[in-house]
Amino acid sequence: YPDLIDAELTWIQVQSLSREQNNAIGRLVRGINADSTAWYFRILLHDIRAENNLPTAGESSEEYWREAMVTSADAWYVRSLSTLNTQDALEWAREAVSLDSANALYITNLVNLADIEGDFETAIEAAGRLAARRDRGTFWILYRAKLFCKLGRYAEALEESQRLIEIAPESYAGYSLRGKIL
């Protein structure tokens, strides 16, 4: 989906982390050539080159981003996708959610990055927001229940499994999880 910046940045990260740096760099360079204002491509290109001990070419656009985009939730979201550093990405995802707490895409990004970084309290809280909205049906309730189990918080996992049963009594997921917990 080259028209979707978040999908494009994610794909480029996958390429880079899969040791296909040349493909990732080529894609970024083509993106910059097509749109000279694409600060997110410049920043990710800088990160990939730095990560792989390659010479960085000029300004990473970090300064531009800081000055022009810092009050935009969209910019914080895109910034969280334009780095290989998941700790920084998590902080930027938090900022995006703080500026637009109703955006499910931003919250989902926060859950995923918090999970990657081992910040399970943030992941549980953000997944709770999505579960309350019923985004993706019962997925986020099940996610929270499994995370509670992973953390040894079985009473809370049991509560989530009961919620699953109440919302979707025809589904095996809540019953299966409850059986495993008990």
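Higher on the page you've got the structure.
These figures come from a predicted structure and were not determined experimentally.

**Observations regarding the layout of surface pockets**
Phase 1: As a volume, the largest pocket reaches approximately 330 Å³.
Phase 2: Along the walls of the largest pocket sit 16 residues, with Thr-10, Leu-81, Asn-109, Asn-112 and Leu-113 positioned nearest its centre.
Phase 3: Top element by residues in the lining of the largest pocket is helix α7 (residues 104-117). It accounts for 6 residues.
Phase 4: Split into classes, the residues belonging to the lining of the largest pocket amount to 7 nonpolar, 8 polar and 1 charged.

**Things to note about the nonpolar core**
Phase 1: The biggest cluster of nonpolar side chains holds 50 residues, and the ones touching the most others in it are Phe-41 and Ile-48.
Phase 2: Not counting the four nearest positions on each side in its chain, Phe-41 is found in contact with Ile-5, Glu-8, Leu-9, Ile-12, Leu-28, Gly-31 and Ile-32.

**Concerning helix α2 (residues 21-34)**
Think of an α-helix as 3.6 residues a turn; residues three or four steps apart then line up on the same face.
Phase 1: A rise of 1.5 Å per residue sets the reference length of α2, with its 14 residues, at 20 Å; its end C-alpha atoms lie 20 Å apart and thus fit the reference within 8%.
Phase 2: Those residues of α2 lying buried are Gln-21, Ala-24, Ile-25, Gly-26, Leu-28, Gly-31 and Ile-32.

**Considering α7**
Phase 1: Here α7 is 14 residues long and its end C-alpha atoms lie 20 Å apart, about the 20 Å a rise of 1.5 Å per residue gives.
Phase 2: If you check which residues of α7 are buried, you get Tyr-106, Ile-107, Asn-109, Leu-110, Val-111, Leu-113 and Ala-114.
Phase 3: Where α7 is buried, its residues meet α5 (73-81), α6 (86-99), α8 (120-133) and α9 (139-150).
Phase 4: Among the residues of α7, the N-terminal cap falls to Asn-103, whose side-chain oxygen and the backbone nitrogen of Leu-105 are separated by 2.9 Å.
Phase 5: One or two steps after α7, the chain reaches Gly-118, where phi turns positive at roughly 80°.

**Examining the packing of α9 against helix α10 (residues 154-167)**
What describes two packed helices is the angle between their axes and the distance between those same axes.
Phase 1: Relative to each other, α9 and α10 sit at 160°, their axes nearing to 8 Å. In terms of orientation, α9 lies roughly antiparallel with respect to α10. In this structure, α9 crosses over α10, and the sense of that crossing is left-handed. Taken together, the residues of α10 that come into contact with α9 (itself represented by Ile-141, Leu-142, Arg-144, Ala-145, Phe-148 and Cys-149) are Tyr-154, Glu-156, Ala-157, Glu-160, Arg-163, Leu-164 and Ile-167.

Quick notes on the rules
- Residues numbered from 1 in each chain as written.
- Predicted model: local features only at pLDDT ≥ 70, side-chain atom pairs only at ≥ 80, totals over all residues.
- Heavy atoms only, no water.
- 1 Å grid on protein atoms, 1.4 Å probe; cavity = no way out; pocket = protein on both sides within 12 Å on 5 of 7 lines; lining within 4 Å.
- Points joined across faces, edges and corners; volume = space filled by probe spheres on them.
- Helix = DSSP H or I, 4+ residues; strand = E, 2+ residues; numbered from the N terminus.
- Nonpolar A, V, L, I, M, F, W, Y, C, P; charged D, E, K, R; others polar.
- Core = buried A, V, L, I, M, F, W, Y, C linked by side-chain atoms within 4.5 Å.
- Buried < 20%, exposed > 50% of the residue type's maximum accessible area, 1.4 Å probe, protein only.
- Contact = heavy atoms within 4.5 Å.
- Expected span 1.5 Å × (residues − 1).
- Polar contact = N/O pair within 3.5 Å; in protein donor to acceptor, adjacent residues only side chain to side chain.
- Axes fitted to C-alpha atoms, helices over the stretch in contact; angles between N-to-C directions.
- Parallel < 35°, antiparallel > 145°, perpendicular 65-115°, else oblique.
- Left-handed = near helix turned anticlockwise from the far one by under 90°.

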